[in-house]
Amino acid sequence: MRIAGVTIPDNKQLLYSLPLIFGIGPTRAREILKAAGISESKKGSELTAEEEQKIRALSETYLIEGELRREIGQNIKRLKDIRSLRGDRHARGLPVRGQRTKTNSRTRRGNVRKTMTSGRRTLEKT
């Protein structure tokens, strides 16, 4: 089954496979299945064509996948264009929501340390 360009796995329960779609989380997946009248434990391979259509129709009432990504991108671009603090932080690649940057936020800043060692060098045996 495909919804909004995403293939839903056949061997997983629908409650856990629907959140693979960008914009559908566990809560929204539960709402969709309840509205369609389908059991949460049912797998993708056990669905009938009619049930697939119900799920597809209900999920496409929400903003999902490409449309949602486009809207989020436009919102960030708007913040950059009006030169707000949040837009500036997005442009610089820094944390946007007020986190500290002295010690944390290594992944956001790009200063990723692979492993921590003792700092001692190992002596070569001859």
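Every residue gets a number counted from 1 within its own chain, in the order that chain's sequence is written. Under the rules for a predicted model, residues below a pLDDT of 70 receive no local features and side-chain atom pairs below 80 are neither given nor counted, while totals for whole chains, interfaces and linings still include all residues. Calculation of side-chain values draws on the structure's entire complement of heavy atoms; hydrogens and water are dropped beforehand.

Asks: Help me out: how do you make sense of the overall build of the protein chain in this one?
Replies: Broken down by element type, the protein chain carries six helices and two strands. Each helix is a run of DSSP H or I of at least 4 residues and each strand a run of E of at least 2, with the numbering of both proceeding from the N terminus. Each helix and strand of the protein chain, placed in order from N terminus to C terminus, yields the pattern β-β-α-α-α-α-α-α. Buried, partly exposed and exposed residues are distinguished by accessible area as a fraction of the type maximum, computed with a 1.4 Å probe on protein chains only: under 20%, between the cut-offs, and over 50%, respectively. Classification of the 126 residues of the protein chain by burial places 25% in the buried group. The contact definition used throughout considers only heavy atoms, calling two residues in contact when any of these lie within 4.5 Å. Across the protein chain, every contact between residues at least 6 apart in sequence was considered, and the portion connecting residues at least 24 apart equals 46%.

Asks: Sorry, what's going on with helix 3 (residues 49-59) here?
Replies: Note that an α-helix has 3.6 residues per turn; residues three or four places apart therefore point the same way. Glu51, Ile55, Arg56 and Ser59 are the residues of helix 3 that are buried. When helix 3 is viewed along its axis, its buried side chains cluster within an angular range of 135° and face the same direction. When the buried face of helix 3 is taken as reference, the exposed residues oriented beyond 90 degrees from it are Ala49 and Glu50. On its buried face, helix 3 is in contact with strand 1 (2-3), helix 1 (14-17) and helix 2 (26-36). Directions drawn from the helix axis to the C-beta atoms are what define this arc.

Asks: Any chance you could explain the environment of Pro19 here in plain terms?
Replies: With respect to the element layout, Pro19 can be found in the loop between helix 1 and helix 2. Looking at Pro19, the relative accessible area reads 28%, which means it is partly exposed. Each C-alpha atom, one on Pro19 and one on Ile8, is 9.5 Å from the other, the two residues being eleven residues apart in sequence. Those residues within four positions of Pro19 in sequence are excluded, and the remaining contacts are Leu14, Ile24, Gly25, Pro26 and Ala29.

Asks: What is the right way to read the packing of helix 2 against helix 3 from this model?
Replies: To define axes, lines are fitted to C-alpha atoms, for helices over the stretch in contact only, and angles between the resulting N-to-C directions are given on a 0 to 180 degree scale. Interaxial distance between helix 2 and helix 3 falls to 9 Å at its minimum, and their mutual angle equals 130°. It follows that helix 2 is oblique to helix 3 by the angle criterion. In the crossing of helix 2 with helix 3, the sense of the turn from one axis to the other is right-handed. Residues Ile32, Leu33, Ala35 and Ala36 of helix 2 form the contact with helix 3, whose participating residues are Lys54, Ile55, Leu58 and Ser59. Under the scheme applied, nonpolar residues are Ala, Val, Leu, Ile, Met, Phe, Trp, Tyr, Cys and Pro; charged residues are Asp, Glu, Lys and Arg; polar residues are all the others, including Gly. When the residues that make up the contact of helix 2 with helix 3 are grouped by side-chain class, the tally is six nonpolar, one polar and one charged. For classification, angles of less than 35 degrees are called roughly parallel, those exceeding 145 degrees roughly antiparallel, those between 65 and 115 degrees roughly perpendicular, and all remaining angles oblique. Each crossing gets its handedness from the near helix: less than a right angle anticlockwise from the far helix is left-handed, clockwise is right-handed.

Asks: Just checking my understanding: could you explain the confidence of the model for the protein chain for this structure?
Replies: Every residue carries a pLDDT, the predictor's confidence in it, which falls somewhere between 0 and 100. Predicted confidence across the protein chain gives a mean pLDDT of 88, with 90% of residues reaching 70 or more. Taken element by element, the protein chain is modelled with least confidence in helix 6 (residues 106-109), mean pLDDT 78, and with most confidence in helix 4 (residues 65-81), mean pLDDT 95.

Asks: Would you mind showing me how to read the pattern of salt bridges here?
Replies: When their charged atoms lie close together, side chains carrying opposite charge are able to pair. Salt bridge, as used here, is a side-chain nitrogen of Lys or Arg placed within 4 Å of a carboxyl oxygen of Asp or Glu. On inspection of all chains with the given rule, the structure shows seven salt bridges. Of the charged contacts in the structure, one is a salt bridge between Glu40 and Arg30, with a shortest N-O distance of 3.2 Å. You can see Glu40 sitting in the loop between helix 2 and helix 3 and its partner Arg30 sitting in helix 2, a full ten residues away along the chain. Linking Arg83 and Asp88 is a salt bridge whose minimum nitrogen-to-oxygen distance equals 3.6 Å. For Asp88, a relative accessible area of 21% puts it in the partly exposed group. Taken together, the salt bridges that share partners define one network made up of Arg83, Asp88 and Arg92.

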